[in-house]
Amino acid sequence: MPAELACFEERCRARFPVTEIIYNCPRCGGLLEAVYAAPEGHPADWKRMWRDRRTSNAPLDQSGVWRYRELIGFLDDFRHVVTLREGNTPLLDAPRAAQYGGLDRITFKHQGFNPTGSFKDNGMTCGVAQAMRLGARRVACVSTGNTSASMAAYASAAGLDPVIFIPHGNISFGKLAQALEYGARTFQVEANFDQILALVRQLAERLGIYLLNSINPFRIEGQKTIMAEMLDQRDWRVPDWVVLPGGNLGNVSAFGKGLRELKAFGLIGRLPRLAVVQAEGSAPFYDLYRATDRSHLNAVTHPETLATAIKIGDPISWPKGLHEVTTSGGVVEKVTEQEIADAKAVIGRCGFGCEPASAATLAGIRKLTAAGTIAAGADVVAVLTGNVLKDPDYIHRYHTGTLNAPDGTPLRCTFANPPVVVSADAERIAALLGN
Ligand code: F0G
């Protein structure tokens, strides 16, 4: 069976050619997903083949996404693939973070090691390949910063024109800098993420621009491989929990779909439980999960959080996200600005750090272990979605004790490590070092 696009809504499930430029189901407006038959062959053989590809010098094999190309068969051939060697991100043990989170052990899958510093690269190599296959010249996205950085890089590498739309004054400097450096036409729009998304969907249609927001089902296909790579790195031992931050809910949709497919194809025997963590001021998915009526999501009109990556009040992929959380027996948690800030500093002290949104994972784990939802002895993989250098301003404020919550309340900077200004005086410095 060639790949098709299918409506995600159970009551519709209409199917469309994979080359049709649609972002929602033309019949019912539902979300779309790529569907295929199971790859041919035996799971043990695929596992061996994927492992062997790690020693190959072929660009496709070196990509931590395209190495698993049997799982993402939406292309007819690989002519249009541009890879920056995305994926290949490490699994890192972090005893200090485990202790903080109330766990015996924790493993971070650190997506910040990607070429543009976030998990978006896993999806973008697929989204841009599809754009090229469709003959698009221009691609666009609305972003809280990481999608735009990634799209700018991959589109420019592919010779396409990237156009990005970001909420003015609401993305971190590192991310804006990347978009400019990678050559994207950059519009800083005076509206929030959700408002800009509505605007850009209109513009994309009018100007014939291919949209690469996470509503794009091909990006979701690429992000699926984060789970395949994680399991490959663990010799296919399934963790009890996979914990990730939630914003627009593309990533949880991708992880859930990827894991379900791996199980259906016989690569794993069970699903890990998915735990999604949101920032308290921007937690519509948490509210939905807690509601007795889960048939519609109540958007947060004025989302607030210093974790700007997940400052999204109307997450577009909520039906998929909800399906994946419930199918996996997972949970949704929310955490305060203070909890994110402290968890982030702890992850920094582990020697790798992450951006604020990513730290919501450890903050959420601390709450979930305290509540007894996650057992101390559980096997937990937390996904750090973005690199520590994405938001240096936040870090500087935290360590100099000047970080305020969005409502202006000063945050306690418990783990602050402020720089010391000193004259070029050896005696003085030795004294400061306690000698
Ligand atoms: N973590 C980081 C670092 C992100 O950039 C995002 C989303 C998320 C978590 C949430 O992932 O949306 O799939 O639930 N960033 C998007 C962007 C919205 O535009 O870069 P999600």
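## A short note on the sheet that holds strand β6 (residues 138-142)
Here is step 1 of the chain: If you trace the four strands from one edge of the open sheet to the other, you get β8-β7-β6-β9, paired in parallel fashion. Every other strand in the sheet has two partners, leaving β8 (185-189) and β9 (210-211) as the edge strands with one partner each.
Here is step 2 of the chain: Pairing of β6 with strand β7 (residues 161-167), which is carried by five bridges, proceeds in the parallel orientation. Bridging across to β7, C141 finds its partner in I164.
Here is step 3 of the chain: Here helix α5 (residues 146-158) sits on the sheet and contacts β6 and β7; the angle it forms with β7, its principal contact strand, is near 170°.
Here is step 4 of the chain: Here helix α6 (residues 173-181) sits on the sheet and contacts β7 and β8; the angle it forms with β8, its principal contact strand, is near 145°.

## A look at the site of the ligand
Here is step 1 of the chain: What surrounds the ligand is a group of 20 residues, the closest being S143, G247, N248, N251 and T385.
Here is step 2 of the chain: Within the backbone of T147, a nitrogen or oxygen atom sits 2.8 Å from an oxygen atom of the ligand.
Here is step 3 of the chain: Take G247: an N or O atom from its main chain is 2.7 Å from an oxygen atom of the ligand.
Here is step 4 of the chain: Contact with the protein chains covers 98% of the free accessible surface of the ligand, which is 470 Å².
Here is step 5 of the chain: Here the ligand occupies the largest cavity.
Here is step 6 of the chain: Put simply, the parts of the chain that give the shell around the ligand at least two residues each are α5 and α9 (250-264).

## Structural notes on the environment of Q130
Here is step 1 of the chain: Structurally, Q130 is set in helix α4 (residues 120-133).
Here is step 2 of the chain: Using a relative accessible area of 0% as the deciding quantity, one classes Q130 as buried.
Here is step 3 of the chain: Between the C-alpha atoms of Q130 and D194, which are 64 residues apart in sequence, the distance is 25 Å.
Here is step 4 of the chain: Ignoring any residue separated from it by four or fewer positions in sequence, one finds Q130 in contact with V18, T19, F74, L75, Y210 and F218.
Here is step 5 of the chain: Looking at Q130, its side chain comes within polar contact range of the main-chain oxygen of V18, at 3.0 Å.

## Comments concerning the domain arrangement of the chain
Here is step 1 of the chain: Taken as a whole, the chain is organised into domain 1 (1-37) and domain 2 (91-114 + 218-399).
Here is step 2 of the chain: Centre-to-centre separation of domain 1 and domain 2, based on C-alpha positions: 27 Å.
Here is step 3 of the chain: Interface of domain 1 and domain 2: buried area, both sides summed, is about 820 Å²; carbon and sulfur atoms make up 69% of it.
Here is step 4 of the chain: By the criterion of area lost to domain 2, the three top residues of domain 1 are F8, L31 and Y36, representing 56% of everything that side buries.
Here is step 5 of the chain: Linking domain 1 with domain 2 are zero salt bridges, by the criterion used here.
Here is step 6 of the chain: Inspection of the domain 1/domain 2 interface yields three residue pairs in polar contact (both at pLDDT 80 or more).
Here is step 7 of the chain: Looking at the side of domain 1 that touches domain 2, the element that brings in the most residues is strand β3 (residues 32-35), giving three residues.

## Here's the deal with a nonpolar patch on the surface
Here is step 1 of the chain: Where nonpolar side chains cluster on the molecular surface, the patch consists of V420, V422, I429, L432 and L433 and spans about 450 Å² of accessible area.
Here is step 2 of the chain: Tracing the backbone shows L432 in helix α15 (residues 426-432).
Here is step 3 of the chain: A residue is classified by how much of its surface remains accessible, and L432, at 44% relative accessible area, is partly exposed.

## Let's talk about the packing of helix α12 (residues 337-349) against helix α14 (residues 392-399)
Here is step 1 of the chain: Relative orientation of the contacting elements α12 and α14 amounts to 95°, with a least axis distance of 11 Å. In terms of orientation, α12 lies roughly perpendicular with respect to α14. Of the residues in α14, those in contact with E337, I340, A341, D342, K344 and A345 of α12 are Y394, I395 and Y398.

## Some details on the sheet that holds strand β1 (residues 4-7)
Here is step 1 of the chain: If you trace the three strands from one edge of the open sheet to the other, you get β2-β1-β3, paired in antiparallel fashion. Both edges of this open sheet fall to β2 (15-17) and β3, since each of them pairs with a single strand only. Along the sheet, successive strands turn relative to each other by an average axial angle of 35°, direction set aside.
Here is step 2 of the chain: Relative to β3, β1 runs antiparallel, the two sharing four bridges. Looking at β3, one finds that A6 is bridged to E33.
Here is step 3 of the chain: Taken strand by strand, helix α8 (residues 217-233) contacts β1 and β3, and its axis lies near 55° from that of β3.

## As for the environment of E261
Here is step 1 of the chain: Following the sequence through the fold, E261 ends up in helix α9.
Here is step 2 of the chain: We classify E261 as buried; its relative accessible area is 14%.
Here is step 3 of the chain: Here the alpha-carbon distance between E261 and C25, two residues 236 residues apart in the chain, equals 22 Å.
Here is step 4 of the chain: Apart from residues lying up to four places away in sequence, E261 is in contact with L71 and K224.

## Things to note about the nonpolar core
Here is step 1 of the chain: Formed by 82 residues in total, the largest nonpolar core has its most connected members in I106, F108 and F255.
Here is step 2 of the chain: For this core, the leading source of residues is helix α13 (residues 356-370), giving seven residues.
Here is step 3 of the chain: For I106, the residues in contact, after removing those within four places along its chain, are L92, D93, A94, A97, A98, L362, I365, V380 and A382.
Here is step 4 of the chain: Counting 57 residues, the second-largest nonpolar core is a separate cluster that includes L5, C7, V81 and A179.

Calculation rules
Residue positions within a chain follow its written sequence, with the count starting from 1. This being a predicted model, a pLDDT of at least 70 is required before a residue's local features are given, and a value of 80 or more before pairs of side-chain atoms are given or counted; all residues contribute to the totals for chains, interfaces and linings. Hydrogens and water are ignored here; the side-chain numbers use all heavy atoms of the structure. Only strands that DSSP links by at least two bridges are regarded as paired with each other. To qualify as a helix, a DSSP run of H or I must reach at least 4 residues; to qualify as a strand, a run of E must reach at least 2; elements of each kind are numbered from the N terminus. Contact criterion: two residues are considered in contact whenever any of their non-hydrogen atoms come within 4.5 Å of each other. Helix axes are fitted only over the stretch in contact, all axes being lines through C-alpha atoms; the angle between N-to-C directions runs from 0 to 180 degrees. For this purpose, a residue is taken to be near a molecule or strand whenever a single non-hydrogen atom of the residue falls within 4 Å of it. Think of a polar contact as two N or O atoms within 3.5 Å of one another; within protein, one of them needs to be a possible hydrogen donor and the other a possible acceptor, and neighboring residues in sequence only count if both atoms come from side chains. Residue exposure ignores everything except the shown protein chains as possible cover, and the areas themselves are Shrake-Rupley values with a 1.4 Å probe. For each structure, a 1 Å grid was placed over the protein atoms alone; sets of points admitting a 1.4 Å probe that cannot get out are labelled cavities, open sets with protein on both sides within 12 Å along at least five of seven lines are labelled pockets, and lining residues have an atom within 4 Å of a point. A molecule is counted as occupying a cavity or pocket when more than half of its atoms fall within 2 Å of that pocket's grid points. Each residue gets one of three labels from its accessible area relative to the maximum for its type: buried under 20%, exposed over 50%, partly exposed in between, using a 1.4 Å probe on protein chains only. A domain assignment, automatic or from a database, supplies the domain bounds used here. A 1.4 Å probe defines the accessible area here, and the buried area is the portion of it lost by two parts on being joined, summed over both. The salt bridge criterion pairs a side-chain nitrogen of Lys or Arg with a carboxyl oxygen of Asp or Glu, the two atoms within 4 Å. In this analysis, a patch consists of residues with relative accessible area above 30% that form no salt bridge, clustered at 9 Å for like charges and at 5 Å for the nonpolar side chains Val, Leu, Ile, Met, Phe, Trp and Tyr. Any angle from 65 to 115 degrees is called roughly perpendicular, while one under 35 is roughly parallel, one over 145 is roughly antiparallel, and all others are oblique. We define the nonpolar core as a collection of buried residues of types Ala, Val, Leu, Ile, Met, Phe, Trp, Tyr and Cys that are connected through side-chain atoms lying within 4.5 Å of one another.

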